[in-house]
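Commentary on secondary and tertiary structure
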Amino acid sequence: MSGLTRARRAAAVAATAAAAATALLAAPSAVAAPQPIVGGTTTTTSAYPFMMQITDASQDQFCGGTLVSPTKVVTAAHCMTGETTGSVRVVGGRTYLNGTDGTVARVGHIWIHPDYRRVTRGDDVAVLTLSTPMPYATAPYVSSSDTAVYAAGSTARVLGWGTTSSGGTSSNQLRTATVPTVSDSSCASSYRTRFVPSDMVCAGYSSGGVDTCQGDSGGPLLIGGRLAGITSWGDGCAAAGYPGVYTRLTTFSDEVTAQVGR
Ligand code: ARG
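Just so it is clear, the model here is predicted, and its values are computed rather than measured.

As a further point, take the nonpolar core. Buried together is how nonpolar side chains tend to be arranged in soluble globular proteins. In this structure, Met80, Val90 and Leu249 are the most contacted members of the largest nonpolar core, which totals 52 residues. Ignoring sequence-local partners within four residues, the contact set of valine 90 consists of Met52, Gln53, Ile54, Val73, Thr103, Val104, Ala105, Val107, Leu128, Leu130 and Met134. Membership of the second largest hydrophobic core comes to 11 residues, among which are Val119, Val182, Cys202 and Trp233.

Evaluation of the coordinates by the stated rule reveals 3 disulfides. In this model cysteine 187 forms its disulfide with cysteine 202; the gap between the sulfur atoms is 1.8 Å. An S-S torsion of about -60° defines the bridge between cysteine 187 and cysteine 202 as left-handed. Taken as a pair, cysteine 187 in helix α3 (residues 184-191) and cysteine 202 in strand β10 (residues 200-203) lie far apart in primary sequence, 15 residues in all. The two residues cysteine 187 and cysteine 202 agree in class, both being buried. Between the sulfur atoms of cysteine 213 and its disulfide mate cysteine 237 the distance is 2.0 Å. Residues cysteine 213 and cysteine 237 are joined through a disulfide that is right-handed, its torsion about the S-S bond being 90°. Separated by 24 residues along the polypeptide, cysteine 213 in the loop between β10 and β11 (220-223) and cysteine 237 in the loop between β12 (226-233) and β13 (244-248) bring together distant segments of the chain.

Under the definition given, this model contains 4 salt bridges. As a salt-bridge pair, aspartate 146 and arginine 226 come within 2.8 Å of each other at their nearest N and O atoms. Within this pair, whereas aspartate 146 is found in the loop between β7 (126-130) and β8 (155-160), its partner arginine 226 is found in strand β12, the two being separated by 80 residues in sequence. For aspartate 146, a relative accessible area of 18% corresponds to the buried category.

Moving on to unusual backbone geometry. Positioned with a positive phi, glutamine 59 is a non-glycine residue whose angle comes to about 65°. A positive phi angle, close to 65°, is found at alanine 238, a residue other than glycine. Along the polypeptide, alanine 238 turns up in the loop between β12 and β13. Exposure remark for alanine 238: the relative accessible area of 3% places this residue in the buried category.

Taken together, 14 residues are adjacent to the ligand, and Asp211, Thr212, Gly215, Ser217 and Gly236 come closest. A distance of 2.8 Å is found between a nitrogen atom of the ligand and a backbone nitrogen or oxygen belonging to glycine 236. Burial of the ligand by the surrounding chains reaches 91%, relative to a free accessible area of 350 Å².

Before going further, it helps to examine the pairing of β13. Extensive coverage of β13 is indicated by the burial of 5 of its 5 residues. The pairing of β10 with β13 spans 4 bridges and is antiparallel. Looking at β13, one finds that cysteine 202 is bridged to valine 245.

This part takes up the sheet that holds strand β6 (residues 103-112). Taken in spatial order, the 6 strands of this closed barrel run β2-β3-β4-β7-β6-β5, and their pairing is antiparallel. Shown here is a sheet whose adjacent strand axes are inclined to one another by a mean of 40°, direction ignored. Alignment of strand β2 (residues 51-56) against strand β3 (residues 61-69), held across 5 bridges, turns out to be antiparallel. Looking at β3, one finds that methionine 51 is bridged to threonine 66.

Where β8 lies against strand β9 (residues 175-182), 6 bridges are found, and the strand directions are antiparallel. If you follow alanine 156 over to β9, its bridge partner there is valine 179. The sheet contact formed by β8 and β11 spans 3 bridges and is antiparallel. Each residue of the ladder has a partner; that of alanine 156, found in β11, is isoleucine 223.

Reading the values: rules and limits
- Residues numbered from 1 in each chain as written.
- Predicted model: local features only at pLDDT ≥ 70, side-chain atom pairs only at ≥ 80, totals over all residues.
- Heavy atoms only, no water.
- Core = buried A, V, L, I, M, F, W, Y, C linked by side-chain atoms within 4.5 Å.
- Buried < 20%, exposed > 50% of the residue type's maximum accessible area, 1.4 Å probe, protein only.
- Contact = heavy atoms within 4.5 Å.
- Disulfide = S-S within 2.5 Å.
- Helix = DSSP H or I, 4+ residues; strand = E, 2+ residues; numbered from the N terminus.
- Salt bridge = Lys/Arg side-chain N within 4 Å of Asp/Glu carboxyl O.
- Near = heavy atom within 4 Å.
- Polar contact = N/O pair within 3.5 Å; in protein donor to acceptor, adjacent residues only side chain to side chain.
- Areas by Shrake-Rupley, 256 points an atom, 1.4 Å probe, with all protein chains shown as cover.
- Pairing = 2+ DSSP bridges.
- Axes fitted to C-alpha atoms, helices over the stretch in contact; angles between N-to-C directions.

This is a description of form; function is not addressed.
Here you go:
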C-alpha cells in the first residue's frame, strides 16, 4: 500500500479510538475487555477456504476478502483506495500472517464501486479480478432479493486478522466470531446520519465485547453460510452501543455479479 494510504488509515484509527474512549466514559461497566476479532476464537483457512488476505506487494496483510469465484474476490472499496493492480496481492490458504504457505495471486483488475466516497456514505464494495485462479472453495453470496437475512437478531459470522483492540496489533492467526444483526432503527440511533440503511447493516451485542476491528475490513460477514456483508467501519471496536457496520451486500449483489462475470 502507498504511504498516503497508510497515513489515511492511521488517521481513521485515531478517530475511532477517540470515539471508543468517549463510549468507555459513557458506559464503563458495559464494555468488555478488548480481545482479538474482539471476543472471537482462532480458526484456519482450511475451515474457511474462501477467506483471503489482501496484502501489499511484500505480502503484508492490510484487509480481508472473500473468494466468490476462482478469480474474483469481494472486498471493501475503502481497502482499495490508493491501490493499483501492481500494489496489491491476494493470498489464499494462509492461516497465519507470518506464514509463507498458501497461494499468492496478482491482481489484474480492481473494480471499486463508482459511487464510493467514504465509508460513512456507503457503497463500500470492491471486486478484484485475479491474474491466476485460486485453488480453494468459493463462498456463495446473497442475491438482491435475500434481504430477509438481515432480520434483527440473525446470527452472523465474521472473520479476520484484525487488531485485538482499537489501535492495537493484528492477530497472527485468523480469528472468527459470531454477532447478532442489529435493526436499522437501533443502528441509526447509534450512528445517526452516518448509518445509511440502504447500503449498510450493523451487527454486534448491545453490551459490546464482540466485534471486528482495524484490519478486518473487506472480510466477510456470513449469514446462513452465505456472504451477506463486508466489514466496513465502526466507532472504536466492540464498544457498547456501537456495533460494527457492514456493507449490505444485497444492495450490491447485481453489481458484484456483473463484475464476477466480466
Ligand atoms: N475500518 C476497519 C478496517 O479498515 C474496520 C473497522 C471495523 N470496526 C468495527 N468496530 N467493527 O479494517
